[in-house]
Amino acid sequence: TRHFNIYYADSPPDGFKDAGRALEGAYDEVNGFFGNLPSQIKVLTVGKKTMDQVGDHVEAFSAWNKQSSTIVLREETLKDKKSLDVVVRHELTHLCLNDFLARKQSKDFAWMEEGTCMVISKEPFSDIKVSKYILSMGFLSPKEIADAVSSENYNLSKNGYMQSYSLVKYMAQRFGASTVVNILKCPEPNFEKAFMAYTGMDFGTFYRQWEAHVKNAAGGQAESRPTFGYLNRDLDVGDCTA
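Residues numbered from 1 in each chain as written. Predicted model: local features only at pLDDT ≥ 70, side-chain atom pairs only at ≥ 80, totals over all residues. Heavy atoms only, no water.

Caption draft 1: Structural detail: the side chain of Asp127. The topology assignment puts Asp127 in helix H5 (residues 127-137). Looking at Asp127, its side chain comes within polar contact range of the side chain of Lys169, at 3.1 Å. (Helix = DSSP H or I, 4+ residues; strand = E, 2+ residues; numbered from the N terminus. Polar contact = N/O pair within 3.5 Å; in protein donor to acceptor, adjacent residues only side chain to side chain.)

Caption draft 2: Spotlight on empty space enclosed by the protein. Scanning the model with the defined rule gives two cavities of 30 Å³ or more in all. There is about 50 Å³ of room inside the largest cavity. Every residue along the wall of the largest cavity is listed here: Asp127, Val130, Ser131, Tyr165, Ser166, Lys169, Tyr170, Gln173 and His213. Within the residue set of the lining of the largest cavity, elements represented by two or more residues are H5 and helix H7 (154-175). The leading source of residues in the lining of the largest cavity is H7, at five residues. Among the residues making up the lining of the largest cavity, the classes are represented as three nonpolar, four polar and two charged. (1 Å grid on protein atoms, 1.4 Å probe; cavity = no way out; pocket = protein on both sides within 12 Å on 5 of 7 lines; lining within 4 Å. Points joined across faces, edges and corners; volume = space filled by probe spheres on them. Nonpolar A, V, L, I, M, F, W, Y, C, P; charged D, E, K, R; others polar.)

Caption draft 3: Layout of the nonpolar core. Among the nonpolar cores identified, the biggest contains 62 residues, and Leu92 and Met112 are the most heavily contacted of them. Counting residues per element, this core draws most heavily on helix H3 (residues 81-102), which supplies nine residues. Setting aside residues no more than four positions away along its own chain, Met112 makes contact with Ser164, Val168, Met171, Val180, Ile183, Leu184 and Phe191. (Core = buried A, V, L, I, M, F, W, Y, C linked by side-chain atoms within 4.5 Å. Buried < 20%, exposed > 50% of the residue type's maximum accessible area, 1.4 Å probe, protein only. Contact = heavy atoms within 4.5 Å.)

Caption draft 4: Structural view of the sheet that holds strand E4 (residues 69-74). Read across the open sheet, the four strands follow the order E1-E2-E4-E3; overall the sheet is mixed. The open sheet has two edge strands with one neighbour each: strand E1 (4-7) and strand E3 (60-64). In this sheet, adjacent strand axes meet at a mean angle of 20° when their direction is disregarded. Where strand E2 (residues 41-46) and E4 come together, five bridges link them in parallel fashion. Bridged to Val46 within E4 is Arg74. Each of E1 and E2 touches helix H1 (residues 19-34); the most contacted strand, E1, lies at about 140° to it. (Pairing = 2+ DSSP bridges. Axes fitted to C-alpha atoms, helices over the stretch in contact; angles between N-to-C directions.)

Caption draft 5: Quick look at the pattern of salt bridges. Inspection of the entire model under this criterion finds ten salt bridges. With its nearest N and O atoms 3.8 Å apart, the salt bridge here joins Arg89 to Glu29. With Arg89 in helix H3 and Glu29 in helix H1, this pair connects stretches of sequence that are 60 residues apart. Residue class for Glu29 comes out partly exposed when judged on its relative accessible area of 26%. (Salt bridge = Lys/Arg side-chain N within 4 Å of Asp/Glu carboxyl O.)

Caption draft 6: How the structure looks around the layout of surface pockets. The calculated volume of the largest pocket comes to roughly 1,600 Å³. Residue lining of the largest pocket: 46 residues in total, with His90, Glu114, Val149, Ser157 and Tyr161 positioned closest to the centre. No other element matches H3, which puts nine residues into the lining of the largest pocket. Within the lining of the largest pocket, the residues separate by chemical class into 18 nonpolar, twelve polar and 16 charged.

Caption draft 7: Quick look at the environment of Cys186. In this fold, Cys186 is placed in the loop between helix H8 (177-185) and helix H9 (191-199). Overall, the relative accessible area of 7% leaves Cys186 in the buried class. For the pair formed by Cys186 and Phe100, sequence separation is 86 residues and the distance between their alpha carbons is 8.3 Å. When near neighbours in sequence (up to four residues on either side) are disregarded, Cys186 contacts Lys104, Ala194 and Tyr198.

Caption draft 8: Quick peek at the packing of aromatic side chains. Applying the stated rule across the entire model yields 18 aromatic pairs. Each ring, one from Phe203 and one from Tyr207, has its centre 6.1 Å from the other, and the planes form 55°; the classification is tilted. One end of the pair is Phe203 and the other is Tyr207, both in helix H10 (residues 203-218) and four residues apart, which spans about a single turn. Tyr207 shares its class with Phe203; the two are buried. Over the aromatic face of Phe109 sits the side chain of Lys104, whose NZ or CZ is 4.0 Å from the ring centroid. (Phe/Tyr/Trp six-rings, centres within 6.5 Å; stacked < 30°, edge-to-face > 60°. Lys NZ or Arg CZ within 6 Å of the ring centre and 35° of its normal.)

Geometry only, nothing functional implied.
Structure follows, in structure tokens:
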């Protein structure tokens, strides 16, 4: 492929022959948002037994530095095109965000990373179910979200992922996907200052509005199926190139 070198544990698995095409399609889509994907990415596929050593719930993970980028996939994922599309977009978004976040002088933006990956990868979560889950767990602050995501306890980590996703998705719905991208890309190390600069609103007010949105959604006042029109509604790829 143009941007990937694919390595298999043994030989290419049966059941899916278009991995390269799917990878390239995901590459074009994610790079359209961020504009900074590496020109060459290694993809390693590993079997269930090997990936389970990383974690039973781990579908894929990525590694990034200034010299190289790698995505590791479960071999079974290659056999399911829908799953592959979501997983690859998620990991490619991580590669973009790692580049941006590595340049910042603080960890103020860390809570946004998983949520942004989940929104860009169009993970099929219902607003109602996510909102009910968040209410059952209690609202987390951005720092608490970041700490939860990095936890080795699956239940704590899941809570962090869901709250990051809900907050970032609401941000994209309110202000557009390009605003989310620009907040992450900007050199400002203070998240609240960056948020104010690109939205004209203080984050505390926005957070309280998000809490109200979650409570309304949990009560059934939201779509039962996710919609992703907001991803392209206002996005100008020219605004998102590095």
